[in-house]
Structures are given as structure tokens and as C-alpha cells.
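Residues per chain are reported as follows:
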Amino acid sequence: MIYKHIGLLLLAISAVPAWAAGDVTAGRQKSATCLACHGAEGKASVPLYPNLAGQNSAYLAHALQAYKKGERSGGQAEVMKAFVAGLSEQDMDDLAAYYGSLKP
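Values in this document were obtained by computation on a predicted structure and should not be read as measured data.

Let's shift gears to the side chain of Asp94. Along the chain, Asp94 falls in helix α6 (residues 89–101). A polar contact of 2.5 Å, which involves the side chain of Asp94, links it to the side chain of Lys30.

Here you go:
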């Protein structure tokens, strides 16, 4: 019986997408360009922009990559494309880790 549970656990773990492997401290240092829209500590002061504080870091990393690849449109997508154009995958992971670590 225990082997069945271990097998299910291993299967579940292998199905989980890789978590953003970012560095929170590096992300905080890279977040200066994000402050204008997403606010200090990831809390936007303008309702047009989303709060990033406490957001799932894997989701944030995926969203940044999607903006960079041009897979997101509408809203402020064109603005975001410009901001992420110069970011490396590590930069995006670091930013995602930083904003994910903040309290909502």
C-alpha cells in the first residue's frame, strides 16, 4: 500500500512545472523599473496595474516570458513587452522570486 502512495507522490512531483529559480535579493535590485507602475513593495497605486506582491512566482515568471515572446496582448501588453525585452530568463526568475516573496 505504501508503495502505491510513493508512486503517486513521485508522479505528482514530476508533473509540477519547475518553480522559478530566482534570487529574491537580485530581484529586489532589478525591480527599480517596475516601481512606476507596480508600486513600492509590489502594490500598485493605480488600479489599471496589477499588484505583484504575493503573486505566485512561477506564474509571474511565465507571464514575463510570455510578454517577451509576444504571446500576451491587450491591456498594457505593449508596455510590458518593452520592459521585458532586455531581460534575461534569470532576470525574470529573480523578479518573480522577489515579488512572490512579498506580502500581498
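Here the narrative resumes, following the displayed structure.
With that settled, the discussion passes to the pattern of salt bridges. Counted by the stated rule, this structure contains three salt bridges. Across the pair Asp91 and Lys30 runs a salt bridge, and its minimum N-O distance is 2.8 Å. Placement of the pair is Asp91 in helix α6 and Lys30 in helix α2 (residues 24–30), with a sequence separation of 61 residues. Between Lys81 and Glu78 there is a salt bridge, with the nearest N and O atoms lying 2.9 Å from each other. Residue Lys81 and its partner Glu78 are both found in helix α5 (residues 77–84); the two are separated by three residues, about one turn of the helix. Within the structure, one salt-bridge network assembled from shared partners comprises Lys30, Asp91 and Asp94.

Calculation rules
Residues numbered from 1 in each chain as written. Predicted model: local features only at pLDDT ≥ 70, side-chain atom pairs only at ≥ 80, totals over all residues. Heavy atoms only, no water. Helix = DSSP H or I, 4+ residues; strand = E, 2+ residues; numbered from the N terminus. Polar contact = N/O pair within 3.5 Å; in protein donor to acceptor, adjacent residues only side chain to side chain. Salt bridge = Lys/Arg side-chain N within 4 Å of Asp/Glu carboxyl O.

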